[in-house]
Every structure is written in structure tokens, then in C-alpha cells.
Amino acid sequence: MPEMSLNIPADKLPQHVAIIMDGNGRWALSRGLPRLAGHKAGTENLRRVIRATVEFGVKYLTIYAFSTENWGRPPEEVKGLMYILEDVIDRELAELHQEGVQLRHIGRLERLAPALQEKVLDAVELTKDNDRLILNVAFNYGGRAEIVDAIQNIMKDGIAPGDVTDALVSRYLYTAGVPDPDLIIRTSGELRVSNFLIWQAAYSEWYVTPTYWPDFDKEEYRRALETFAQRDRRYGKVSSNEYEASNA
Ligand code: FPP
């Protein structure tokens, strides 16, 4: 297959892409396979998408791997997803580190097995000075939990109510220091936010595709970025062209 180039001016490339990797279960079901086979295929696809992200020059990637609500899935699926996180760290960490990827975890670590918590913390520590790609892994992540944690910490720090601003809240989120996502991709066609980056997504652009996550390939990723580059982001204002025209 010929190598696809990205047809986007540098200033139209999103700095931060976030992905809801949905549809693993249906991908498996449609092949008569167990759900965990879908998560395995999804993990393989994640490898490809991380590579493509580095290649495209996107600086921040956030992936939704396990939500605070996913504990309600059958125990064997929960166990399988825990195992996948452990296995991904065991198998991929050295290469990710070599490629200059900085791993960050967003979410609540406490509920994970102590050995897995340690593995995550070690991976974060090992890669903390890398800067080619910042990869936020949302695992046991919930947007509401994140805001609750932020409020608790703001109160613990004794911040006066009048000093609570947008910027201050952002600094208390798990994503402190990370720019808000420019583009959020959701695979498998569901039209909902699912408690993902609910504060940070205030002005994100969305790309929703019916493709199941294991089938979301580099070609479609490129299309998502090119579609994003065409968008007119107004942040609640009018477009700059229109503004200039009306003031001419
Ligand atoms: C949603 O599909 C997917 C998940 C809840 C898990 C996503 C995990 C991976 C892609 C594996 C990578 C994981 C790590 C830890 C790096 P679904 O099961 O909700 O699909 P369905 O809606 O079709 O049932």
C-alpha cells in the first residue's frame, strides 16, 4: 500500500487528540468471538494508532481504556482488561520509551491491584522526560470523579471561593498541564460523551464514525485529522472572516 501523506497545514493539525475506543465487543460478536478477543484486537489497533500519531506529529494522545463505570461489566471481562493493561506495559514499555513516548495515567489508581498500581507508576516515572508524544491512558477514569477529586483538593488546599477560576480548576484536574483536546474521536457510532473529559471537551471538535475500534485504521485516522482541519472553530464567537467582513 502506498504511504499516505497528511494533507494538512501545520497550524491545522490538532495538538491533542482523544479517543473513545468503542466497539470492541461488537467487533468480536460479529465474528462469533468472545468479547475479550475484541479487546485484544483493539489493543493491537492501539499500537498502530500510537505509531501513526507519532508519525502525523500530533503531540498529545488520550485514550479511554477503562471507565469508572466499566467495573460493572462481567468479572472475567474486568479481569481481562486489567490483564491487558499489565501485559501492554510488560510488552510495549521498552519500545514506547525508546520512541520518546511519555506515559501518563489519568484516573483513580487506588482500586487497581497494588502490583498493577506499581507497574503503572514505574512506567510513568521511567518515561517522564520523554516529549515526542504525551500518551494519557485513561484507566479507571471518569470525568465526574475527576471533577469531584479536583473540588476536594481545591477545598483541602483552602483556596478562597473567589480564587476559583477556569484556569485554577484545570490545574487541579488529572490532565493538569495538558492542553484541552482539539479533536475527540469516537468509534462505533454512539452519540454520547460517556463521562470522558467532560470539563476539557468544552470546545473540542468531534469525529464520530460507525467503524468499530479494531478496524479504525491509519487511513481513517488521516481522514479524521483532515476533516478536523476543515472545521471553523469559533469558541462561541463568530468566525474571524465574518467578523472582519462585518467590521470592514
Ligand atoms: C469499548 O468497547 C472498549 C473498552 C471498554 C476497552 C478499550 C480497551 C482497549 C482498546 C484495549 C487497550 C487497553 C489498554 C489498557 C491499553 P466495548 O467493549 O464497549 O464495545 P461494545 O460497545 O461493542 O460492547
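Reading the values: the criteria
- Residues numbered from 1 in each chain as written.
- Predicted model: local features only at pLDDT ≥ 70, side-chain atom pairs only at ≥ 80, totals over all residues.
- Heavy atoms only, no water.
- Helix = DSSP H or I, 4+ residues; strand = E, 2+ residues; numbered from the N terminus.
- Rg over C-alpha atoms; globule rule 2.2 N^0.38 Å.
- Buried < 20%, exposed > 50% of the residue type's maximum accessible area, 1.4 Å probe, protein only.
- Expected span 1.5 Å × (residues − 1).
- Contact = heavy atoms within 4.5 Å.
- Axes fitted to C-alpha atoms, helices over the stretch in contact; angles between N-to-C directions.
- Parallel < 35°, antiparallel > 145°, perpendicular 65-115°, else oblique.
- Left-handed = near helix turned anticlockwise from the far one by under 90°.
- Nonpolar A, V, L, I, M, F, W, Y, C, P; charged D, E, K, R; others polar.

Tallying secondary structure elements over the chain gives 8 helices and 6 strands in all. Relative to the 2.2 N^0.38 estimate, which gives 18 Å for 248 residues, the radius of gyration of the chain is 19 Å and therefore close to what a compact globule would have. Taken over the C-alpha atoms alone, the chain extends approximately 65 × 55 × 35 Å along its principal axes. The buried share of the chain, taken over its 248 residues, is 46%.

Here we take up helix H5 (residues 143-156). Owing to its 3.6 residues per turn, the α-helix aligns residues three or four sequence positions apart on the same side. The first and last C-alpha atoms of H5 sit 20 Å apart over 14 residues, in line with the 20 Å expected at 1.5 Å per residue. Those residues of H5 not exposed but buried are Gly-143, Ala-145, Glu-146, Asp-149, Ala-150 and Ile-154. Packed against the buried residues of H5 are strand S4 (133-141) and helix H6 (166-172). Looking at the residues trailing H5, positive phi occurs at Gly-158, about 65 degrees.

This part covers the packing of helix H2 (residues 35-56) against helix H3 (residues 75-98). Contact pair H2 / H3: the axes reach a minimum separation of 11 Å and the direction vectors enclose 25 degrees. Of the possible angle classes, the one that applies to H2 and H3 is roughly parallel. As for the relative orientation of H2 and H3, their crossing is right-handed in sense. Seen from H2, the contacting residues are Arg-35, Leu-36, His-39, Lys-40, Thr-43, Arg-47, Ile-50 and Arg-51; seen from H3, they are Glu-76, Glu-77, Gly-80, Leu-81, Ile-84, Val-88, Glu-92, Glu-95 and Leu-96. When grouped by side-chain class, the residues that make up the contact of H2 with H3 number 6 nonpolar, 3 polar and 8 charged.

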